[in-house]
Amino acid sequence: MRVLVTGGAGFLGSHLVERLLHGGSQVVVVDDFSTGRHMNLRRVATHPGLRVEVGSVTAPGRLVRLAGEADALVHLAASVGVQRVLAAPRDALRRNVEGALRVVDAAAATGIRVLFASSSEVYGLVPRLPAHEDDPLLTGFDDAPRWGYARSKVFGEGLLRDLRDAGAADTLSVRLFNTVGPRQVGDHGMVLPRFVDAALADRPLVVHGDGSQRRAFAHVGDVALALARLLALDSFVGNGHHAVNVGGTTETSMLELAQAVLRRTGSRSSVVHAALVDSAGRAVPETPRRVPSLARLEQLVGRPPTRTLDELIDSAVRQRRLEAGHVGVRA
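In what follows, the accompanying structure is described. Please read these numbers as outputs of a predicted model, since none were measured by experiment. Throughout, residues of each chain are indexed from 1 in the direction in which the sequence is written. pLDDT decides what is reported in this predicted model: residues at 70 or higher carry local features, side-chain atom pairs at 80 or more are listed and counted, and totals for whole chains, interfaces and linings draw on all residues regardless. Note that water and hydrogens are dropped before the side-chain values are worked out from all heavy atoms of the structure.

### Some words on the pattern of salt bridges
Test applied: Salt bridges are defined as contacts in which a side-chain nitrogen from Lys or Arg sits within 4 Å of a carboxyl oxygen from Asp or Glu. Numbering of helices and strands runs from the N terminus, with a helix taken as a DSSP run of H or I at least four residues long and a strand as a DSSP run of E at least two residues long. Only protein chains enter the calculation, and the probe is 1.4 Å; a residue is then buried if its accessible area is under 20% of its type maximum, exposed if over 50%, and partly exposed in between.
Under the defined criterion, the tally for this structure stands at 29 salt bridges. Between D32 and R95 there is a salt bridge, with the nearest N and O atoms lying 3.6 Å from each other. One end of the pair, D32, is in the loop between β2 (26–31) and β3 (50–54); the other, R95, is in helix α4 (residues 89–110), with 63 residues separating them in the sequence. Residues R51 and E53 are paired through a salt bridge, measuring 3.3 Å at the closest nitrogen-oxygen approach. Its relative accessible area of 35% is what places R51 among the partly exposed residues. Since its relative accessible area comes to 16%, E53 is described here as buried. Each of R51, E53, R62, R65 and E69 takes part in one network of salt bridges that share partners.

### Topic: the nonpolar core
In plain terms, the rule: Only buried residues count toward a nonpolar core. Its members are Ala, Val, Leu, Ile, Met, Phe, Trp, Tyr and Cys residues joined through side-chain atoms within 4.5 Å. By definition in these notes, contact holds between two residues if any of their heavy atoms fall within 4.5 Å.
Counting 40 residues, the largest nonpolar core has V17, L115, L227, L230 and V246 as its most contacted members. Of all the elements, helix α7 (residues 220–231) adds the most residues to this core, at eight residues. If we ignore the near neighbours within four places in the chain, the residues touching L115 are L73, V74, H75, L172, V174, L227, L230, L231 and F236. V180, A199, A260 and I313 belong to the second-largest nonpolar core, a separate cluster that totals 22 residues.

### Looking at the sheet that holds strand β5 (residues 113–119)
Put simply, the rule is: By definition, two strands form a pair when at least two bridges between them are found by DSSP. All axes are obtained by fitting lines to C-alpha atoms, using only the stretch in contact for helices, and the reported angles, taken between N-to-C directions, cover 0 to 180 degrees.
The strand order β3-β2-β1-β4-β5-β6-β10 describes an open sheet built from seven strands, whose pairing is parallel. What marks the edges here is a single partner per strand, and that holds for β3 and β10 (243–246). Each neighbouring strand pair of the sheet contributes to a mean axis angle of 20°, computed without reference to strand direction. Bridging between strand β1 (residues 2–6) and β2 involves five bridges; their strand directions are parallel. In the sheet register, L4 faces β2, and the bridge partner there is V28. Against the sheet, helix α1 (residues 11–22) touches β1, β2, β3, β4 (72–75) and β6 (171–176), its axis set at about 165° to β2. Helix-sheet contacts for helix α5 (residues 148–165) involve β5, β6 and β10, and the interaxial angle to β5 is about 155°.

### Digging into the side chain of H241
As a reminder, the rule being used: We call two N or O atoms a polar contact when they sit within 3.5 Å, provided that within protein one can donate a hydrogen and the other can accept it, with sequence-adjacent residues counted only if both atoms are side-chain atoms.
Within the secondary structure, H241 is located in the loop between α7 and β10. Polar side-chain contacts of H241 include one of 3.3 Å to the side chain of R296. Not counting residues within four places of it along the chain, the set of residues in contact with H241 comprises R164, L172, F236, R296, Q299 and L300.

### Thoughts on helix α6 (residues 191–200)
The element α6 is largely enclosed, with a buried count of nine among its ten residues. If you follow the buried residues of α6, they end up packed against β7 (179–180), β8 (205–208), β9 (214–219), α8 (254–265) and α10 (309–324). Immediately downstream of α6, the backbone of D202 shows phi near 55°, a positive value.

### Looking at the environment of M39
Here M39 shows up in the loop between β2 and β3. Exposure remark for M39: the relative accessible area of 34% places this residue in the partly exposed category. For the pair M39 and G10, spaced 29 residues apart in sequence, the C-alpha separation works out to 9.8 Å.

### Topic: the packing of α4 against α5
Note the following rule: Any angle that falls under 35 degrees is termed roughly parallel, while one over 145 is termed roughly antiparallel, one within 65 to 115 roughly perpendicular, and all others oblique. Each residue is assigned to one class: nonpolar for Ala, Val, Leu, Ile, Met, Phe, Trp, Tyr, Cys and Pro, charged for Asp, Glu, Lys and Arg, and polar for all the others, Gly among them.
Look at α4 against α5: their axes get within 9 Å of each other, and the N-to-C directions meet at 10°. Judged by the angle between their axes, α4 and α5 are roughly parallel. On α5, the residues touching L93, N96, V97, A100, L101, V103, V104, A107 and A108 of α4 are G148, Y149, S152, F155, G156, L159, L160 and L163. Across the contact of α4 with α5, the residue classes break down as 13 nonpolar, four polar and no charged.

### As for the environment of E133
With respect to the helices, strands and loops of the structure, E133 is situated in the loop between β5 and α5. Residue classification places E133 among the buried positions, given a relative accessible area of 2%. A sequence separation of 112 residues divides E133 from N245, and the C-alpha atoms of the two residues are 6.7 Å apart. Contact partners of E133, with chain neighbours within four places excluded, come to Y123, R175, A243, V244, N245, S293 and R296. Among the polar contacts made by the side chain of E133, one reaches the main-chain amide nitrogen of N245 at a distance of 2.7 Å.

### Examining the packing of aromatic side chains
Let me state the cut-off plainly: Aromatic contacts are taken between Phe, Tyr and Trp rings whose centres are within 6.5 Å, Trp giving its six-membered ring; a plane angle under 30 degrees counts as stacked, one over 60 as edge-to-face, and the others as tilted. Two conditions define a charge sitting above a ring: the NZ of Lys or the CZ of Arg must be within 6 Å of the ring centre, and it must be within 35 degrees of the ring normal.
A complete count under the given rule lists one aromatic pair for this structure. Taken together, a centroid distance of 6.1 Å and an interplanar angle of 35° make the contact between Y123 and F177 tilted. Separated by 54 residues along the polypeptide, Y123 in the loop between β5 and α5 and F177 in the loop between β6 and β7 bring together distant segments of the chain. Cation over ring: R113 sits above F236, and NZ or CZ is 4.0 Å from the ring centre.

Take a look at the structure:
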């Protein structure tokens, strides 16, 4: 299979690229390296099946040209991360909407299969739990900048569903829940690497609010495996669904996560609490709990792997210690 992966040098993208190459696929990565890193692809940099195109997915004609040479397109490129979105909400909205439009152009022009990376954010502030793919979207949200990212993903899903319903393309939206693991960085607010970096440096771990908000975490390797298995389906349209949740079942509160990171790293750091605010200093609402229903994913590609919280933390800690030159990894 020839697969075009946008954002393929990013955290999740690089893991997916590795899995696809090792499975025998040829892969073309498109990445502007605004958040992606060359080092993320170092393990496959010389692989004969890999080609990297440096540039933005929004460049006119780029995705149409590359899609004409591929069998499937996985769209992962996006402006992501809570801090990044809050700091520049209009930029995040614009980049994500423009990227989705280019993907739709490519699918309409070439008929390429599209796996579109959406987000658990589309379920809104107060979703029913566990969140199911047929639930209403953006429940409880308002017009605050906090929700620009979610709106951009709903927009992309809608465009691709219209193409699919018209018989113009074979598309599937994957709603990604909290994914963690090696190569994830905390620069833009990703919680686990942010906690790990602070713990390894003996700095305070900053928990937003009272830390009672709960999330279900999945390892990036397991998420990449699920995406690869979805790509291997004969048809997205044939499964009868336009969207599928991809995530994990390891649920924990943010305060419990911080305490577990301290325990696994042996850090002397403390935990402090602070409000989450946007660039104007306004309080940002947080979803109290976000847990996916994975029944549809299991129906399509089998039961996803389950890892304990300690296993998820240890995986992230090992990588950060290696990158920072730390020694003495705690098992």
